[in-house]
Amino acid sequence: MVQQYQSPVRVYKYPFELVMAAYERRFPTCPQIPVFLGSEILHEFKSDDGAIHVKERRCKLNVDAPYILKKIAGVEVVYFIQKNSLDRRERTLKIEAHNESFASRVIVKENCLYSVHPENSEWTCFEQCASLDVKNFFGFESTVEKIAMKQYSQNIKKGKEIIEFFINDLRSNGVTYVPPWTPPKPVSPIEAKPSKREPELQASATVLSSPSSCDSITSSSSYHSANTAAQTPVSPTVPDIPELPPDIRIASEDKLDADYIERFLGHLTPIQESYLIQLRKWIAESHKGQESDENSEDKNEDEDSDSEGDPPLVPKDSHILRFLRARDFNLEEARKMLCNSLAWRKQHQVDLILDTWKPPTPLVDYFAGGWHYYDREGRPLFILRLGQMDVKGLLKACGEEAILRHILSVNEEGLRRCEEATKARGYPISTWTCVVDLEGLSMRHLWRPGVKALLRFIEVVEANYPETMGRLLIVRAPRVFPVLWTLVSPFIDENTRKKFLIYGGNDYLESGGLADYIDPEYIPHFLGGTCHCTMPEGGLVPKSLYQLLDNLSMNDGLPSLCQETIYQLSSVIKGAPHEVLVNIDDKDSVLTWDFDVLKGDVVFTVLRSRRPLTVPKDPPGAVGGPLNVQLLDKSMTVGVDVSVVETPLVCHEGESIQGSHVARYPGPYVLQWKFHNAPVSSSLPQAVKATLPDVFTHHKCKVMYYHEVLASDDFRGSMTSLQSSQSGFSSLSVGTTSSAQSNSSQSANSSCPSR
């Protein structure tokens, strides 16, 4: 496999001519580079006007390789051929190098370019690219590849230091300025003695302005600045040119300035810098190809523009770097992950979410979380009072679609705050800190639909916002916390889990607690600090806010973030019950349900059909509104075609019902909600009847429900509260488990939600 390397653009804040004088001092030997043992000039060419100077050298290098490998190869040193093409007129130096030793087994190519900074003629840019292809090396191909890349990285790191060293050496000798080349006055032609290689070298001089053999290196005219205000060229006649602002960078589709990387992205190894440049180049080229296709073809207005093949927009460098870090700088794995994420962002218009998203009222009033200043390292700080949050109520009031969009808006705001902190503080900040307060967390937070939704949220965030969590501080963790941790930790990336710090009780107030990570003046008042937080305090969500609007699941025409909703909304009409088909494949499976009666009174029943049942393709309310489905034919007889397996239960408006049934037989089961005719005395006067609640006069009810089938071995927790899980429940949940040997169990709570 061919290994590619592409460097960022490194800037020397010295004129090109002075840098060239320093560069020549590296030859014929350079003690500052221990592996460089010496060089000899093979051929040399100078143009008559002195503008073009081409040198070809043979360089001898010592290889820092294991003794046994040197013994097998039979060499102590290796030789490289280097050709330097200096164009003083254009102020460029192109360097091409390749290996002479083992050329049939290993192919090493390197291309470098020194050129004038496009926005400051008194500065010099340097960039390089290289490739390594180990075809066959006595069975040590992988070892040779690692040694070569390691040594190459070390030499790259030293390169800029060496130029700086020789520039200082020149200054110590009184050389602080080297005049640029000027055309000589006309003189009589002097006959030069051509060498055997002169025709070839002279040909090289005629193509100095052509692109290098390494596609990543082009002339400096291809650069453009990220700051449009600085794109006016500086006149070379101005003697003192001020430094560019820190946010100026040399950048093109495949070039980054090394100082910009250090300032805005942090310290990277040469190989990591190369992978970043290669990945952003690939994305930019994909986007360019998309723009070209859109300009050259007429698109049908009805065509799906969010198709999977559409390349995404080019993301910011800090965002690309997060995906590389998440995949340990495995370029191909990072590319796949980033490509999927960018397609997802485009499909759901996530880039616009901060401008377009308006959370529903329950989230505004009861989502107990918000941004709160910064931690000691300058990271944005987010506070989440999970223990005070009615997650179940929010899920029923808003749906997981709205909650997920709100979570995405929090993450997008975090990215924005990281960028602002980076600019304000002068060093890169790419992650944020989160404090999760678990006071109030209990088993009521661990009911199955909520855990199921939480795992979905974690999956989306892990796939699209990797390496954004700098530190997560969990405080006041109760005894029930290990249960929740057992459920969710397998779905959290290992690198992210290492950033968790968990404090039980009041441990967070002691040494090593919050004060070590957050300035005391910013610790919230409810955590023992003096800073007042303005975020919502949470609390129970009123049932009046549960999904009463028929079109609440609609997303303004955007594709749904959740492939399926956890809770369904249904209508129960007088004479038209709502029925849900549940096919059970295995004996002793556990059918569980959880529903709220939002309007009217209903009768709930569980039945088993002895005949196959099918669900209508387009039931009433299938698009946007509440569902109403009938499965049982009126010709079906109870006791013959169907059997009642759960005694009918009258459920009143405002009640939350949870229960389960252990299926003795496989086959189709039906959850049925019927309209309940409340008895009204005929002797009541009409004036009294008019004052009765709507439930006595209306003929339509609404129910929000959830159901799930669990294998008997996986069913844990209370069968009456659905606080169960498929794996990992500790003794805490064992203690609340009712006997699974009973045929069925139900519970109703008419006074308050069962949460």
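Structure first, text after, so check above.
One structure accompanies this document, and this report is about it. Residue numbering note: each chain is counted from 1, following its sequence as written. pLDDT decides what is reported in this predicted model: residues at 70 or higher carry local features, side-chain atom pairs at 80 or more are listed and counted, and totals for whole chains, interfaces and linings draw on all residues regardless. Excluding hydrogens and water, the side-chain figures rest on all heavy atoms present in the structure.

Observations regarding the overall build of the protein chain
A tally of helices and strands in the protein chain yields 16 helices and 25 strands. In the protein chain, which comprises 755 residues, the share counted as buried stands at 49%. Here, residues are in contact when the closest pair of their heavy atoms is within 4.5 Å. Across the protein chain, every contact between residues at least 6 apart in sequence was considered, and the portion connecting residues at least 24 apart equals 77%. Numbering goes from the N terminus for both helices and strands, where a helix is a DSSP run of H or I of at least four residues and a strand is a run of E of at least two. Relative accessibility decides the category of a residue: with a 1.4 Å probe and only protein chains considered, values under 20% of the type maximum give buried, values over 50% give exposed, and everything between is partly exposed.

Things to note about the sheet that holds strand E20 (residues 602-609)
What makes two strands pair is DSSP finding at least two bridges between them. One open sheet holds the four strands; their spatial order is E18-E23-E20-E21, and the pairing between them is antiparallel. A strand with exactly one partner marks an edge of an open sheet, and here the two such strands are strand E18 (578-584) and strand E21 (642-651). Each neighbouring strand pair of the sheet contributes to a mean axis angle of 15°, computed without reference to strand direction. When E20 meets strand E23 (residues 667-675), the two strands line up antiparallel, connected through seven bridges. Note on E23: the bridge partner recorded for valine 606 is leucine 671. Angular values range over 0 to 180 degrees, each being the angle between N-to-C directions of two axes fitted as lines to C-alpha atoms, with helices fitted over their stretch in contact.

Remarks on unusual backbone geometry
For the peptide bond that leads from phenylalanine 27 to proline 28, omega is 5°, which places it in the cis range. Considering the arrangement of structural elements, one finds proline 28 in the loop between helix H1 (16-24) and strand E3 (36-46). In this structure, arginine 91 is a non-glycine residue whose phi angle is positive, near 60°. By secondary structure assignment, the location of arginine 91 is in the loop between strand E5 (77-87) and strand E6 (92-99). On the basis of relative accessible area, arginine 91 is assigned to the buried category, the value being 18%.

Here's the deal with the pairing of strand E14 (residues 432-437)
The side chains of a regular strand alternate between both faces of the sheet. Most of E14 sits inside the fold, with six of its six residues counted as buried. Neither face of E14 is exposed, since Trp432, Cys434 and Val436 on one face and Thr433, Val435 and Asp437 on the opposite face are all buried. Here strand E13 (residues 380-384) runs beside E14; their pairing, made up of four bridges, is parallel. Among the inter-strand pairings, phenylalanine 382 is bridged to a residue of E14, identified as cysteine 434. Both E14 and strand E15 (residues 469-477) contribute to a ladder of six bridges, which runs parallel. Bridging from a neighbouring strand, threonine 433 pairs with arginine 471 of E15. Traced from E14 through helix H12 (residues 448-464) to E15, the parallel crossover comes out right-handed. Note on handedness: a crossover is taken as right-handed if, strands pointing away from the viewer, the path from the first strand over the helix to the second is clockwise.

Focus on the packing of aromatic side chains
Two rings from Phe, Tyr or Trp (for Trp, the six-membered ring) form a pair when their centres sit within 6.5 Å of each other. Planes less than 30 degrees apart are called stacked, planes more than 60 degrees apart edge-to-face, and all others tilted. Throughout the structure, instances matching the rule amount to 19 aromatic pairs. Look at tyrosine 260 and phenylalanine 264: their rings are 5.3 Å apart centre to centre, the planes differ by 35°, and that puts the pair in the tilted class. In this pair, tyrosine 260 and phenylalanine 264 both sit in helix H5 (residues 258-265), four residues apart, roughly one turn of the helix. Exposure remark for phenylalanine 264: the relative accessible area of 16% places this residue in the buried category. Taken together, the ring pairs in this structure connect Tyr12, Tyr23, Phe27, Phe36, Tyr114 and Phe126 into an aromatic cluster. We call a charge positioned above a ring when the Lys NZ or Arg CZ atom is no farther than 6 Å from the ring centre and deviates by at most 35 degrees from the ring normal. Over the aromatic face of phenylalanine 264 sits the side chain of arginine 263, whose NZ or CZ is 4.4 Å from the ring centroid. Here the basic side chain of arginine 335 rests over the ring of tryptophan 282, its NZ or CZ set 4.7 Å away from the ring centre.

Description of the pattern of salt bridges
Two side chains with opposite charge may pair up if their charged atoms get near one another. In the sections that follow, a salt bridge refers to a side-chain nitrogen of Lys or Arg positioned within 4 Å of a carboxyl oxygen of Asp or Glu. Tallied over the full model, the rule gives 33 salt bridges. Residue glutamate 40 pairs with arginine 58 through a salt bridge whose shortest N-O separation is 3.9 Å. A residue pair is termed long-range when its members are at least 10 positions apart, and glutamate 40 in strand E3 and arginine 58 in strand E4 (residues 52-62) qualify at 18 residues. Note that aspartate 437 is salt-bridged to arginine 476, the shortest N-O span being 2.7 Å.

Describing the environment of histidine 267
Among the secondary structure elements, histidine 267 is positioned in the loop between H5 and helix H6 (270-296). Expressed as a C-alpha distance, the spacing of histidine 267 and proline 428, which sit 161 residues apart in the sequence, is 9.3 Å.

Some thoughts on the sheet that holds E15
Within the open sheet, the five strands sit side by side as E12-E13-E14-E15-E16. Their pairing is mixed. With partners counted over all chains shown, the strands left at the sheet margins are strand E12 (369-374) and strand E16 (500-504), one partner each. In this sheet, neighbouring strand axes are inclined to one another by 20° on average, regardless of whether the strands run parallel or antiparallel. Both E15 and E16 contribute to a ladder of four bridges, which runs parallel. Bridging across to E16, leucine 473 finds its partner in leucine 501. Relative to E12, helix H11 (residues 391-425) is tilted by about 5°, and along the sheet it contacts E12, E13 and E14.

Comments concerning the packing of H1 against helix H3 (residues 141-172)
Axis separation between H1 and H3 bottoms out at 8 Å; the angle between their running directions is 100°. Between H1 and H3, the angle is such that the two are roughly perpendicular. On H3, the residues touching Leu18, Val19, Ala21, Ala22 and Tyr23 of H1 are Ile163, Phe166, Ile167 and Leu170. Following the grouping adopted for this structure description, the nonpolar residues are Ala, Val, Leu, Ile, Met, Phe, Trp, Tyr, Cys and Pro, the charged ones are Asp, Glu, Lys and Arg, and the polar ones are all others, Gly among them. Considered class by class, the residues forming the contact of H1 with H3 number nine nonpolar, no polar and no charged. Each angle is binned into one of four classes, with values under 35 degrees roughly parallel, values over 145 roughly antiparallel, values of 65 to 115 roughly perpendicular, and all other values oblique.

Some thoughts on H5
An α-helix turns once per 3.6 residues; consequently, residues spaced three or four apart project the same way. Along H5, six of the eight residues are buried, which leaves the element largely enclosed by surrounding structure. Buried within H5 are the following residues: Ala258, Tyr260, Ile261, Arg263, Phe264 and Leu265. We call two N or O atoms a polar contact when they sit within 3.5 Å, provided that within protein one can donate a hydrogen and the other can accept it, with sequence-adjacent residues counted only if both atoms are side-chain atoms. A distance of 3.3 Å separates the backbone nitrogen of aspartate 259 from a side-chain oxygen at the start of H5, and that oxygen is part of aspartate 257. Just past H5, the residue glycine 266 takes up positive phi, approximately 100°.

Description of the packing of H11 against H12
Packed helices, taken two at a time, are described by their axes: the angle between them and the distance between them. The interhelical angle for the contact between H11 and H12, taken along N-to-C directions, is 25°, at an axis separation of 11 Å. Judged by the angle between their axes, H11 and H12 are roughly parallel. As H11 runs across H12, the sense of the crossing is right-handed. Contacts between H11 and H12 involve Leu395, Glu400, Ile403, Leu404, Ile407, Leu408 and Asn411 from the first element and Pro449, Gly450, Ala453, Arg456, Phe457, Val460 and Val461 from the second. Handedness of a crossing follows from how the near helix is turned relative to the far one, being left-handed for an anticlockwise turn of less than a right angle and right-handed for a clockwise one.

Thoughts on the nonpolar core
Ranked by size, the top nonpolar core spans 63 residues in total, and within it Leu394, Ile403, Leu408 and Ile474 carry the most contacts. Only helix H10 (361-366), E13, H11, E14, H12, E15, helix H13 (481-488) and strand E24 (700-710) provide two or more residues apiece to this core. With 13 residues, the single largest contributor to this core is H11. The contacts of isoleucine 474, once residues within four sequence positions are left out, are Val436, Leu438, Phe481, Phe500, Leu501, Ile502 and Tyr503. Core analysis: the second largest hydrophobic core is formed by 33 residues, Tyr5, Ala73, Val106 and Leu321 among them. Put simply, buried Ala, Val, Leu, Ile, Met, Phe, Trp, Tyr and Cys residues joined by side-chain atoms within 4.5 Å make one nonpolar core.

As far as function goes, none of this settles anything; it's purely spatial.
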